[in-house]
Amino acid sequence: MKNKMLFIILLSLISLVTFAQEDTTAVAETKDKPVRSPFESGYLIDAQTTVIPNPNTLEMVIQHKFGTIENGHSDLWGIYAPANIRIGLNYVPVKNFQIGAGITKTKMATDVNAKWTILEQTRENTIPVAVALYGVMAIDGRNISAFETGQIREAYSGPVGSFKFPDRLSYFSQLIVGRKFTDWFSLQAGVSFTHYNAVGVLYDHDKVGVHGNGRIKVSPQGSIIFTYDAPLKIKDISEQLEWTNHPEPSLSFGYEISTSTHAFQIYAGNAGSFLPQENMMWNQKSISKDNFAIGFTITRLWGF
Amino acid sequence: MKKGLSNLFSVLGMFAMTIALFAFVVPQDQKVGAAWNVPANYKSMKSIKATPETEKVGKLLYAKHCKSCHGGVGEGDGPKAASMKTKMQSFKGAKFQAQSDGVIYYQSFVGRDEMPNFEKKILDEEDRWAIVHYMRTLK
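Residues numbered from 1 in each chain as written. Chains lettered and ligands numbered in written order. Predicted model: local features only at pLDDT ≥ 70, side-chain atom pairs only at ≥ 80, totals over all residues. Heavy atoms only, no water.

Asks: Describe the side chain of Gln188(A), with residues and values.
Replies: Residue and element names in this part refer to chain A. Tracing the backbone through its elements, the reader meets Gln188 in strand β9 (residues 185-196). Judged by its relative accessible area of 4%, Gln188 is buried. In terms of polar contacts, Gln188 uses its side chain to reach the backbone amide nitrogen of Thr50, at 2.9 Å. Leaving out residues up to four positions away in the same chain, Gln188 has contacts with Phe39, Gln48, Thr49, Thr50, Ile176, Val177, Gly178, His211, Gly212 and Asn213. (Helix = DSSP H or I, 4+ residues; strand = E, 2+ residues; numbered from the N terminus. Buried < 20%, exposed > 50% of the residue type's maximum accessible area, 1.4 Å probe, protein only. Polar contact = N/O pair within 3.5 Å; in protein donor to acceptor, adjacent residues only side chain to side chain. Contact = heavy atoms within 4.5 Å.)

Asks: I'd like a rundown of the interface of chain A and chain B, residues and numbers included.
Replies: Each partner contributes residues to the interface: chain A has 15 residues there, and chain B has 15 residues. Summing the contributions of chain A and of chain B, the shared interface buries around 1300 Å²; its carbon and sulfur component is 44%. On the chain A side of the interface with chain B, the three residues burying the most area are Arg36(A), Asn54(A) and Ser260(A), jointly 37% of the side's total. Connecting chain A to chain B are 8 salt bridges. Residue Glu126(B) is joined to Arg123(A) by a salt bridge in which the shortest nitrogen-to-oxygen separation is 3.6 Å. Scanning the region where chain A abuts chain B turns up 12 residue pairs in polar contact (both at pLDDT 80 or more). Grouping the constituent residues of the side of chain A that touches chain B by class yields 3 nonpolar, 6 polar and 6 charged. (Buried area = accessible area lost by both parts, 1.4 Å probe. Salt bridge = Lys/Arg side-chain N within 4 Å of Asp/Glu carboxyl O. Nonpolar A, V, L, I, M, F, W, Y, C, P; charged D, E, K, R; others polar.)

Asks: Break down the pairing of strand β4 (residues 84-94) of chain A for me, with residues and values.
Replies: Residue and element names in this part refer to chain A. Summarising the sheet, strand β3 (residues 57-68) and β4 pair through 8 bridges and their orientation is antiparallel. The residue of β4 that forms the bridge with Ile62 is Ile87. Note that β4 and strand β5 (residues 97-104) share 7 bridges and pair antiparallel. Opposite Leu89, over in β5, you have Ala101 as the bridge partner. (Pairing = 2+ DSSP bridges.)

Asks: Could you give an account of the confidence of the model for chain A, naming the residues involved and the relevant values?
Replies: Where the model shows low pLDDT, its predicted coordinates should not be examined in detail. Residues and elements named next belong to chain A. Looking at chain A as a whole, its pLDDT mean stands at 87, while 85% of the residues score no less than 70. With pLDDT under 50 throughout, residues 6-29 is counted as low confidence; its partners more than four residues away or in other chains account for 18 contacts. Low pLDDT (under 50) marks residues 150-155, which in the prediction has 14 contacts with non-local residues, meaning those over four places away or in another chain. (pLDDT = per-residue confidence, 0-100.)

Asks: Could you give me a rundown of the pairing of strand β14 (residues 293-303) of chain A, with the residues and numbers involved?
Replies: All names here are of chain A. Note: β3 against β14, 10 bridges, orientation antiparallel. Bridge assignment links His64 to a residue of β14, and that residue is Phe296. Judged from the 8 bridges that link them, strand β13 (residues 262-269) and β14 form a sheet pairing that is antiparallel. For Ile266, the partnering residue across the bridge sits in β14 and is Phe296.

Asks: Give a description of helix α7 (residues 125-136) of chain B that names residues and reports values.
Replies: All names here are of chain B. With 12 residues, α7 ought to run about 16 Å at 1.5 Å a step, and its terminal C-alpha atoms sit 17 Å apart, in line with that. α7 sits mainly inside the fold: 10 of its 12 residues count as buried. All buried positions along α7 are accounted for by Asp127, Arg128, Trp129, Ala130, Ile131, Val132, His133, Tyr134, Met135 and Arg136. Elements that come into contact with the buried residues of α7 comprise α3 (52-65), α5 (94-97) and α6 (101-110). With a side-chain oxygen lying 3.0 Å from the backbone nitrogen of Glu126, the N-terminal cap of α7 falls on Asp124. (Expected span 1.5 Å × (residues − 1).)

Asks: How would you sum up the state of the cysteines? Please name residues and give values.
Replies: Residue and element names in this part refer to chain B. Here the structure, examined in full by the defined rule, presents 0 disulfides over all chains. This cysteine, Cys66, is not joined by any disulfide, and Cys69 carries the nearest cysteine sulfur, 8.9 Å off. The class for Cys69 is buried, based on a relative accessible area of 17%. (Disulfide = S-S within 2.5 Å.)

Asks: With reference to specific residues and values, describe the nonpolar core.
Replies: With 23 residues, the main nonpolar core has Tyr62(B), Phe109(B), Ile131(B) and Met135(B) as its most contacted residues. Of all the elements in the fold, those that place two or more residues in this core are α3, α6 and α7 of chain B. Setting aside its immediate chain neighbours within four residues, Tyr62(B) contacts Lys67(B), His70(B), Gly71(B), Gly72(B), Val73(B), Gly74(B), Phe91(B), Ile131(B), Tyr134(B), Met135(B) and Leu138(B). Judged by nonpolar contacts, the second largest core, of 9 residues, contains Ala109(A), Val136(A), Ala138(A) and Leu275(A). (Core = buried A, V, L, I, M, F, W, Y, C linked by side-chain atoms within 4.5 Å.)

Asks: Before we move on, can you summarise the sheet that holds β13(A) with the specific residues and values?
Replies: Note on sheets: strands pair through backbone hydrogen bonds, and any given pair is parallel or antiparallel. Taking strand neighbours around the barrel as the criterion, the 12 strands line up as β3-β4-β5-β6-β7-β8-β9-β10-β11-β12-β13-β14 (chain A) in a closed arrangement whose pairing is antiparallel. Here the average twist between neighbouring strands, direction ignored, is 20°. (Axes fitted to C-alpha atoms, helices over the stretch in contact; angles between N-to-C directions.)

Asks: Residues and numbers for α6(B), please.
Replies: Residues and elements named next belong to chain B. Burial within α6 is extensive, with 9 of its 10 residues counted as buried. When α6 is considered as a whole, its buried residues turn out to be Gly102, Val103, Ile104, Tyr105, Tyr106, Gln107, Ser108, Phe109 and Val110. In the segment just after α6, Gly111 is the residue with positive phi, at about 70°.

In structure tokens form, the structure reads like this:
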């Protein structure tokens, strides 16, 4: 069943790409230009947008999440609590294609990623939506003891002798469809597939998720931003009899300020990580006030 | 011996503090930039027709790319202006507005010295002219 699902996803992506190439030709003929800035950055809190900077641009991203606000003023609403950080670099070698890499504090994860904006929404609606594909591969860099002891919730539970490098790997692939409805309102929807090579016996290797996010521009440089991600309960790809450890959906909302080369986003949300596969597979914090943590995402662009 | 060491640390501390404070020194005397040497092909450039739409787009793009240095209404008083070595001219001034569209285009997107090149940041010609049109409305 799992192979069948993978085949269907792959087939959909291939047909989408073929469709995209046909449409791109049509756009060239009519000279209908892409809409201006459906989003101000490639990042929307933790999520990706269909936006990719101009070719030969290097982007640095710093993502930071404090602890949850549940302890109130005793730890200054999580600001004094242990934090999670990701630092990443992205580069755009050709128009609408971006490659990147990053390191995350939690799980000492190293990730490589790629994004391809197959279609750009155009001003005259020749193409009514933007379509992008995004993929991430992450390497869990913790010492092997983290997997042996079982002290970590999602620890690998197999015998130590059989632990190999591929057991550290996880994957996330996503199809994003977005539309800039007006100059002040843009919305995106997405579907994703997450796979972990190694999980504990009580967890699934695969998750399919849906995503929705957007921005409401309130000034030339300021926008209210939000994201929602939900792992789906699909019995056919689950290895469990009951949904005891099914991850929780995540919700974040915040404010973005952007300039020519920067985007600064401050937000609150219940997702603990920055890597999408982590949030889709392991987020056990439900959407409730106490589980929210303050975070920020900063991007800086350099053109070459 | 202990006193000697303490004095040494005090001197080193003072020295480090002086260096640190100098790092925050802002140039007080801004120089007026020399006259622009604009190539002839830019001087004779013809802009696209201004419409309410281009003005709206120009205003948005100005806020994103120009406002932090040139200020909200082009007076050259944006948050970054104080750290510049060169004094920015006001877009409201008669001298600035007397220039041709092509000269403003060159100054804005090709740039020189502290005025960065924006050709790789704003790829669309239409967008560049929209900013020029918006700057015209600031007079």
